[in-house]
Amino acid sequence: MGINSIKEKIMSKSRSRKYKLFIDFIKSSAPSKNIENITILDVGVNTVEYSSVDNYLEKHYPYSKNITALSVTEPEDFPLNYPEVRLVQYYGSTFPFCDKEYDFVHSNAVIEHVGNLEKQKFFLSELIRVSKYGVFFTTPNKLFPIEIHTNILFLHYLPKKSFDKILQILNKSWATGDYMYLLSEQDLIKLKCSINSHSYENFIIKKERMLGLTYQLIGLLKR
């Protein structure tokens, strides 16, 4: 079994666990509203799928007509694959939605791709701004020994500039620059402290572990 097959199996189990956690989260955060009427904004969908676990929410959520998907890329195959889901393309920065337009906002492994810490703060503030009841987002843990985008061991512990230089040498320049600013738990805590003014004091960080090590970080923000 190749490394990509192993990786996809691990990702499939991870996405399944995160999906179940998200469903439990929306049920507990909006108890007065029937789940079939809940609206969801999914930020950062893949308009071209490279894996069977891409767009996991759209594949499994039973009320897909209540999902709006947000992407910075061209629609590509997405409308054909998910005809009931509304797809909105935008060009970064401010989301094209009103305050509290959606009951919940979901974003899987996107925040590490929006740029540096300041851009991540703005991205998180936008997730919060357009949500009525809660925000659910995930990101791979920077301190996990394997960098999951490049499958490289330990080198991502280096300063960003050094890591980018090595990626260029290894012909992985696609993963440099704003494409990837990994976050640790401490980075999420910094983000948590930066949003107190947004009435989202109930910010919980959950950890998904693999071999006893924190593999994924999950942020749950509840009004």
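Here, every reference points to the structure presented above.
1. Concerning the pattern of salt bridges
Then comes step 1: Tallied over the entire structure, the rule returns nine salt bridges.
Then comes step 2: In this structure, R17 and E208 form a salt bridge, with 2.5 Å as the shortest nitrogen-oxygen distance. Note that R17 is positioned in helix 1 (residues 3-29) and E208 in strand 8 (residues 202-210), a separation of 191 residues in sequence.
Then comes step 3: Looking at R17, the relative accessible area reads 44%, which means it is partly exposed.

2. Observations regarding the pairing of strand 2 (residues 67-71)
Then comes step 1: The element strand 2 is extensively covered by neighbouring structure, given that five of its five residues are classed as buried.
Then comes step 2: The alternating pattern of strand 2 places I67, A69 and S71 and T68 and L70 on opposite faces, both of which are buried.
Then comes step 3: Sheet topology note: the strand 1 (residues 40-43)/strand 2 ladder contains four bridges and is parallel. Across the sheet, residue L41 finds its bridge partner in strand 2, namely T68.
Then comes step 4: Bridge count between strand 2 and strand 3 (residues 86-89): four bridges; the pairing is parallel. Bridge assignment links S71 to a residue of strand 3, and that residue is Q89.

3. Brief notes about unusual backbone geometry
Then comes step 1: A positive phi angle, near 50°, is found at N55, a position not held by glycine.
Then comes step 2: Judged by its relative accessible area of 7%, N55 is buried.
Then comes step 3: Despite not being glycine, S93 shows a phi value in the positive range, around 70°.
Then comes step 4: Along the polypeptide, S93 turns up in the loop between strand 3 and strand 4 (102-108).

4. Some thoughts on the environment of F136
Then comes step 1: Looking at the secondary structure, you find F136 in strand 5 (residues 131-140).
Then comes step 2: Sequence separation between F136 and S107 is 29 residues, and the spatial gap between their C-alpha atoms is 6.4 Å.
Then comes step 3: Once residues lying within four places of it in the same chain are set aside, the contact partners of F136 are K18, L21, F22, F25, V105, H106, S107, I218, G219 and L220.

5. Structural notes on the nonpolar core
Then comes step 1: In this structure, F22, I26 and Y61 are the most contacted members of the largest nonpolar core, which totals 27 residues.
Then comes step 2: Looking at this core, the elements that each hand over two or more residues are helix 1, helix 2 (56-60), strand 2, strand 5 and strand 9 (213-222).
Then comes step 3: Residues contacting F22, with those up to four places away along its chain left out, are I40, L57, H106 and F136.
Then comes step 4: Within the second largest apolar cluster, 26 residues are counted, among which are V43, V130, V135 and L191.

6. Topic: the sheet that holds strand 1
Then comes step 1: If you walk across this open sheet you meet the seven strands as 3-2-1-4-5-9-8, and the pairing is mixed. Whereas interior strands pair on both sides, the edge strands pair on one side only; in this sheet they are strand 3 and strand 8. Put simply, the sheet's adjacent strands are angled 20° from each other on average, direction ignored.
Then comes step 2: Across the sheet, helix 4 (residues 117-129) is in contact with strand 1, strand 4, strand 5, strand 8 and strand 9; its angle to strand 5 comes to roughly 145°.
Then comes step 3: Helix-sheet contacts for helix 6 (residues 185-194) involve strand 5, strand 8 and strand 9, and the interaxial angle to strand 8 is about 170°.

Parameters at a glance
- Per chain, the residues get numbers from 1 upward, laid out in the order the sequence is written.
- It should be noted that, the model being predicted, local features are given only for residues of pLDDT at least 70 and side-chain atom pairs only at 80 or more, the latter also being counted only at that level, while totals for whole chains, interfaces and linings use all residues.
- Hydrogens and water are ignored here; the side-chain numbers use all heavy atoms of the structure.
- Each reported salt bridge corresponds to a side-chain nitrogen of Lys or Arg within 4 Å of a carboxyl oxygen of Asp or Glu.
- Secondary structure elements are taken from DSSP: a helix is a run of H or I of four residues or more, a strand is a run of E of two residues or more, and numbering for both begins at the N terminus.
- Partly exposed describes any residue whose relative accessible area lies between the buried limit of under 20% and the exposed limit of over 50%, with all areas from a 1.4 Å probe on protein chains only and scaled to the type maximum.
- Strands are treated as partners if at least two bridges between them are detected by DSSP.
- Working rule for contacts: check all heavy atoms of both residues, and any pair within 4.5 Å makes them a contact.
- We call a set of buried Ala, Val, Leu, Ile, Met, Phe, Trp, Tyr and Cys residues a nonpolar core when their side-chain atoms join them within 4.5 Å.
- For every element, the axis is a line fit to its C-alpha atoms; helices are fit only across the contacting stretch, and the angle between N-to-C directions ranges from 0 to 180 degrees.

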